[in-house]
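Working through the structure, step by step
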Amino acid sequence: MVAFVLRTGSGQLDDLQKAQAILKKFHGLFGLSKIGIKDLTARKALSREKAIQLISSVELGRRIASRRVYKGAPITGPEVLAEMVQPELADEKQERFMVATLDTKGHLIELKTITIGILDSSLVHPREVFREAISLSAASIIAIHNHPSGDPTPSEADIVTTKRLVEAGKIVGIELLDHLIIGNPEWISMKRLGHL
């Protein structure tokens, strides 16, 4: 993809070598998604026009990847859901709290953002989290939120919120299967850490 965008008419081999050098320098496509035009045009590595084309292409790919959430997809483990949301949440500058609602067979009914821009995940109220699940007749849910710092280590507030959601789920009869914290590039499962 990078070589195709860089095509300048000077020969495929030159373009391929330049693409490989850029990918190596910026640590692959994921690294490219983090840089700006200045980084690519520094020391005349690329023209401004080619830098804009490359960054636009990478952003388009990121947006397409972030939309690959299919209703009805079987959620067989936390990694399946993490892979769906990571492209969208990993680069978020604000904390976003989402809920995946599942049917009795563990298939995705809906993935919905509940809150954006909260500073402390304890501000997420169980009422808001379970409202959608109840209206969709969900059998279970998975809570998901990101840490804009990139470090997915759960805070004390994350642990408290998870426990509150477990208790609320018992009352309304909708099980909280897991609570994923998305960092960049790592993510964690609160269930695997023993908090559920």
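Attention in this report is confined to the structure presented alongside it.

Parameters at a glance
Residues numbered from 1 in each chain as written. Predicted model: local features only at pLDDT ≥ 70, side-chain atom pairs only at ≥ 80, totals over all residues. Heavy atoms only, no water. 1 Å grid on protein atoms, 1.4 Å probe; cavity = no way out; pocket = protein on both sides within 12 Å on 5 of 7 lines; lining within 4 Å. Points joined across faces, edges and corners; volume = space filled by probe spheres on them. Helix = DSSP H or I, 4+ residues; strand = E, 2+ residues; numbered from the N terminus. Nonpolar A, V, L, I, M, F, W, Y, C, P; charged D, E, K, R; others polar. Buried < 20%, exposed > 50% of the residue type's maximum accessible area, 1.4 Å probe, protein only. Pairing = 2+ DSSP bridges. Core = buried A, V, L, I, M, F, W, Y, C linked by side-chain atoms within 4.5 Å. Contact = heavy atoms within 4.5 Å. Salt bridge = Lys/Arg side-chain N within 4 Å of Asp/Glu carboxyl O.

A word on empty space enclosed by the protein
- By the definition in use, this model includes one cavity of 30 Å³ or more.
- Size it by volume and the largest cavity reaches roughly 30 Å³.
- Together, V99, T101, E110, L111, K112, I114, E132 and L136 line the largest cavity.
- Of all the secondary-structure elements, those providing two or more residues to the lining of the largest cavity are β1 (96–102) and β2 (108–116).
- The leading source of residues in the lining of the largest cavity is β2, at four residues.
- Grouping the amino acids of the lining of the largest cavity by side-chain chemistry returns four nonpolar, one polar and three charged.

Some points on the pairing of β1
- β1 sits mainly inside the fold: seven of its seven residues count as buried.
- Pairing geometry for β1 and β2, over seven bridges, is antiparallel. Within β2, the position partnered with T101 by the bridge is E110.
- Sheet topology note: the β1/strand β3 (residues 140–146) ladder contains six bridges and is antiparallel. Pairing of M98 across the sheet is with I144, part of β3.

Things to note about the nonpolar core
- One finds L81, I142 and I144 to be the most contacted residues of the largest nonpolar core, which totals 16 residues.
- Going through the elements one at a time, α6 (78–89), β1, β2, β3 and β4 (175–182) are the ones with two or more residues in this core.
- With five residues, the single largest contributor to this core is α6.
- In this structure, V124, A143, I174 and L176 belong to the second largest nonpolar core, which totals 13 residues.

Quick notes on the environment of G72
- Within the element layout of this structure, G72 appears in the loop between α5 (48–66) and α6.
- Taking relative accessible area as the criterion, G72 reaches 39% and is therefore assigned partly exposed.
- Taking C-alpha positions, G72 is 8.7 Å from L102, a pair spaced 30 residues apart along the chain.
- Look past the residues within four positions of G72 in its chain and what remains in contact with it is H107 and L108.

Observations concerning the pattern of salt bridges
- Applying the stated rule across the entire model yields seven salt bridges.
- The partner of E79 in a salt bridge is R192, with the nearest N and O atoms 2.7 Å apart. Placement of the pair is E79 in helix α6 and R192 in the segment after β5 (187–189), with a sequence separation of 113 residues.
- Given a relative accessible area of 36%, E79 falls into the partly exposed group.
- Judged by relative accessible area, R192 falls into the exposed class, the value being 57%.
- Between K170 and E167 there is a salt bridge, with the nearest N and O atoms lying 3.6 Å from each other. Highlighted residues: K170 and E167, both in helix α8 (residues 156–172), separated by three residues, approximately one helical turn.
- Via salt bridges that share partners, E88, E92 and R96 belong to a single interconnected network.

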